[in-house]
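# Breakdown of the fold
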Amino acid sequence: MPLASADLTPLPPHTAAGSGAQDLVGYSIDLSDPAGGAVVRLEVETKHLNRNGTLQGGIHAMLLDAAAGFAASRALAGQGDIVPVVTLSLNAHYLSPAAQGEVIATGYVTGGGHKIIYAEADIRSADGTLLSRGSGVFKRTAL
């Protein structure tokens, strides 16, 4: 569950550099939510599917990690520039198969402090079906 809005100062939109993983898979990131969330979108194509014809589990995990991790980065950034984080742990729960079409991962912070942040993310299909849910622990880092 996200932190209550009364606990958070509205955040400005943030920007972040892309990555090779992002380019390879083809997801986009939206860091404009004033509540501090992060939204990751992927148009699932044939190249993203496993042998069963559904979104491959590692890609689910990647999207959960990106959404939760960027929410953690934004929480640490506050009103400043985005703060790099590393993932200390990530748990993923696969709930429904995803076929081709858009999937949307939404990440939000659930707790933490100055160095360690706890965040969660959900992936839903375009029709709102919950596909997977993840939780992670993220640490501030200097790159």
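Everything that follows concerns the structure shown earlier in this document.
Residues numbered from 1 in each chain as written. Predicted model: local features only at pLDDT ≥ 70, side-chain atom pairs only at ≥ 80, totals over all residues. Heavy atoms only, no water.

### Examining the overall build of the protein
What the protein contains, in helices and strands, is two helices and six strands. Starting at the N terminus and walking to the C terminus, you meet the elements of the protein as α-β-β-α-β-β-β-β. In terms of overall dimensions, the protein is globule-like: its C-alpha atoms have a radius of gyration of 15 Å, near the 15 Å expected for 143 residues. Along the first, second and third principal axes, the C-alpha atoms of the protein reach 40 × 30 × 25 Å. Counting the 143 residues in the protein, one finds 38% classified as buried. Sequence separation of at least 24 residues holds for 62% of the intrachain contacts in the protein that already meet a minimum separation of 6. Accessible area for the protein stands at about 7,500 Å²; split by element, carbon and sulfur atoms hold 54% of it. When the 9 basic and 12 acidic side-chain charges of the protein are each reduced to a single mean position, those positions are 7 Å apart. (Helix = DSSP H or I, 4+ residues; strand = E, 2+ residues; numbered from the N terminus. Rg over C-alpha atoms; globule rule 2.2 N^0.38 Å. Buried < 20%, exposed > 50% of the residue type's maximum accessible area, 1.4 Å probe, protein only. Contact = heavy atoms within 4.5 Å. Areas by Shrake-Rupley, 256 points an atom, 1.4 Å probe, with all protein chains shown as cover. Lys, Arg positive; Asp, Glu negative; His and termini not counted. Charge placed at Lys NZ, Arg CZ, Asp CG, Glu CD.)

### Some remarks on the side chain of Gln 22
For Gln 22, the position within the fold is in helix 1 (residues 20–25). Gln 22 gets classed as buried once you look at its relative accessible area, which sits at 15%. Filtering out sequence-adjacent residues up to four positions away, Gln 22 remains in contact with Tyr 27, Ser 28 and Ile 29.

### Points about the nonpolar core
Counting 31 residues, the largest nonpolar core has Tyr 27, Val 40, Leu 42, Leu 55, Leu 63, Val 103 and Ile 123 as the members making the most contacts within it. The set of elements that each furnish at least two residues to this core consists of strand 2 (38–44), helix 2 (57–77), strand 4 (101–112), strand 5 (116–125) and strand 6 (130–140). When residues of this core are assigned to their parent elements, the largest contribution, 11 residues, is made by helix 2. Not counting residues up to four positions away in its chain, the partners in contact with Leu 63 are Tyr 27, Val 40, Leu 42, Val 103, Ala 105 and Ile 123. (Core = buried A, V, L, I, M, F, W, Y, C linked by side-chain atoms within 4.5 Å.)

### Concerning helix 2
For helix 2, built from 21 residues, the straight-helix expectation of 30 Å at 1.5 Å per residue is met to within 8% by its first-to-last C-alpha distance of 30 Å. Of all the 21 residues making up helix 2, 16 are buried; the element is thus mostly covered by neighbouring parts of the structure. Sitting at the head of helix 2, Gln 56 places a side-chain oxygen 2.6 Å from the backbone nitrogen of Gly 58. Two residues or fewer past helix 2, Gly 78 is found with a positive phi of approximately 60°. (Expected span 1.5 Å × (residues − 1). Polar contact = N/O pair within 3.5 Å; in protein donor to acceptor, adjacent residues only side chain to side chain.)

### A word on the side chain of Asp 122
Note on placement: Asp 122 falls in strand 5. On the accessibility criterion, Asp 122 (11% relative accessible area) is buried. Separated by 2.6 Å, the side chains of Asp 122 and Arg 133 make a polar contact.

### Section: the sheet that holds strand 2
Strands sit in the order 1-2-4-5-6-3 across an open sheet of six strands; the sheet is antiparallel. This sheet does not close on itself; its edge strands, each paired only once, are strand 1 (28–30) and strand 3 (85–94). The average undirected angle you get between the axes of adjacent strands in this sheet is 20°. (Pairing = 2+ DSSP bridges. Axes fitted to C-alpha atoms, helices over the stretch in contact; angles between N-to-C directions.)

### Some remarks on the environment of Leu 24
Considering the arrangement of structural elements, one finds Leu 24 in helix 1. Overall, the relative accessible area of 67% leaves Leu 24 in the exposed class. The spatial distance from the C-alpha of Leu 24 to the C-alpha of Gln 56 is 14 Å, given a sequence separation of 32 residues.

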